[in-house]
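# Fold and geometry: a report
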Amino acid sequence: MVVNRNIFLIGFMGCGKSTIARLLSEQTGAKLIEMDETIEAEAGMSINQMFEQYGEKHFRDLESQLVSRIAEEGGAVVSCGGGAILRAENVAEMRKNGIVVYLSETPETIYQRVRYSTNRPLLNGNMNVEYITSLMEQRLPRYMAAADVTVVVDDKEKMEIVKEVCTQFVDKR
Ligand code: S3P
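Here the structure is a predicted model, which is why all the values come from computation and not from measurement. (Residues numbered from 1 in each chain as written. Predicted model: local features only at pLDDT ≥ 70, side-chain atom pairs only at ≥ 80, totals over all residues. Heavy atoms only, no water.)

Contact geometry for helix 4 (residues 56-73) and helix 5 (residues 88-96): axes closest at 9 Å, N-to-C directions at 15°. Judged by the angle between their axes, helix 4 and helix 5 are roughly parallel. Regarding helix 4 and helix 5, the two cross each other, and that crossing is left-handed. In this structure, helix 4 uses Ser64, Val67, Ser68 and Ala71 to contact helix 5, whose residues at the interface are Glu89, Asn90, Glu93 and Met94. (Axes fitted to C-alpha atoms, helices over the stretch in contact; angles between N-to-C directions. Helix = DSSP H or I, 4+ residues; strand = E, 2+ residues; numbered from the N terminus. Parallel < 35°, antiparallel > 145°, perpendicular 65-115°, else oblique. Left-handed = near helix turned anticlockwise from the far one by under 90°. Contact = heavy atoms within 4.5 Å.)

Here is the structure:
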């Protein structure tokens, strides 16, 4: 499969975007872009530090700038930060030059995946299923509106998810 447009993977923190993006990139040979890692490397600090020192808006601004840069280039598999769909301008950029795939996962499974993680400022101090459920409910309309396709992750095998994304990409491009 030749990836000429971008494939943007969106979804809640811990839904598996990074893993699926890496496998997709290995399968297709397309460049892998991990948005959070790129932002951290360019800023020379962790997302936790950035939220602490400069606030969330600063992080969101860098996130928006990165989305625009990626959209200009094309041909990459992009693992987006969970909040990258919060700004309408980001979604417009993604859709301009790519397909947007929403990886949908239940709050309970998300909790199981992220519960020991300390590098997600929004969850630090809020690490429980109730909070994850309410944030997910708040964001769900945005994920749904941004997505060209939704892939339900649940307990599927990773390669099954990758196959589904590839099939959808071929159909939609
Ligand atoms: C965020 C998700 C994180 C990271 C930041 C904010 C969010 O990325 O961008 O902590 O608002 O959902 P992951 O979805 O890769 O954890």
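All right, on to the site of the ligand then. What surrounds the ligand is a group of 13 residues, the closest being Lys17, Asp36, Arg60, Arg120 and Arg139. Within the backbone of Gly82, an N or O atom sits 2.8 Å from an oxygen atom of the ligand. With the chains in place, 96% of the 390 Å² that the ligand exposes on its own is no longer accessible. If you map the ligand onto the pockets, it falls in the largest pocket. Looking at the shell around the ligand residue by residue, the class counts come to five nonpolar, three polar and five charged. (Near = heavy atom within 4 Å. Polar contact = N/O pair within 3.5 Å; in protein donor to acceptor, adjacent residues only side chain to side chain. Areas by Shrake-Rupley, 256 points an atom, 1.4 Å probe, with all protein chains shown as cover. 1 Å grid on protein atoms, 1.4 Å probe; cavity = no way out; pocket = protein on both sides within 12 Å on 5 of 7 lines; lining within 4 Å. Sits in = over half its atoms within 2 Å of the grid points. Nonpolar A, V, L, I, M, F, W, Y, C, P; charged D, E, K, R; others polar.)

The final tally for this structure, using the stated rule, is 11 salt bridges. A salt bridge links Glu56 to Arg60; the shortest N-O distance between them is 2.9 Å. Taken together, the residues Glu56 and Arg60, both in helix 4 and four residues apart, mark about one turn of the helix. Of the residues examined, Arg60 reaches a relative accessible area of 8% and is grouped as buried. (Salt bridge = Lys/Arg side-chain N within 4 Å of Asp/Glu carboxyl O. Buried < 20%, exposed > 50% of the residue type's maximum accessible area, 1.4 Å probe, protein only.)

Moving on, we get to the sheet that holds strand 4 (residues 98-104). The parallel open sheet is built from five strands, whose spatial order is 2-3-1-4-5. The open sheet is flanked by strand 2 (31-34) and strand 5 (149-152), the only strands paired with a single partner. Neighbour to neighbour, the strand axes of the sheet diverge by 20° on average, direction disregarded. Pairing geometry for strand 2 and strand 3 (residues 76-79), over four bridges, is parallel. The residue of strand 3 that forms the bridge with Leu32 is Val77. Sheet contacts for helix 1 (residues 17-28): strand 1 (6-10), strand 2, strand 3 and strand 4; angle to strand 3, the most-contacted strand, approximately 170°. Against the sheet, helix 4 contacts strand 1, strand 2 and strand 3, and its axis sits at roughly 150° relative to strand 1. (Pairing = 2+ DSSP bridges.)

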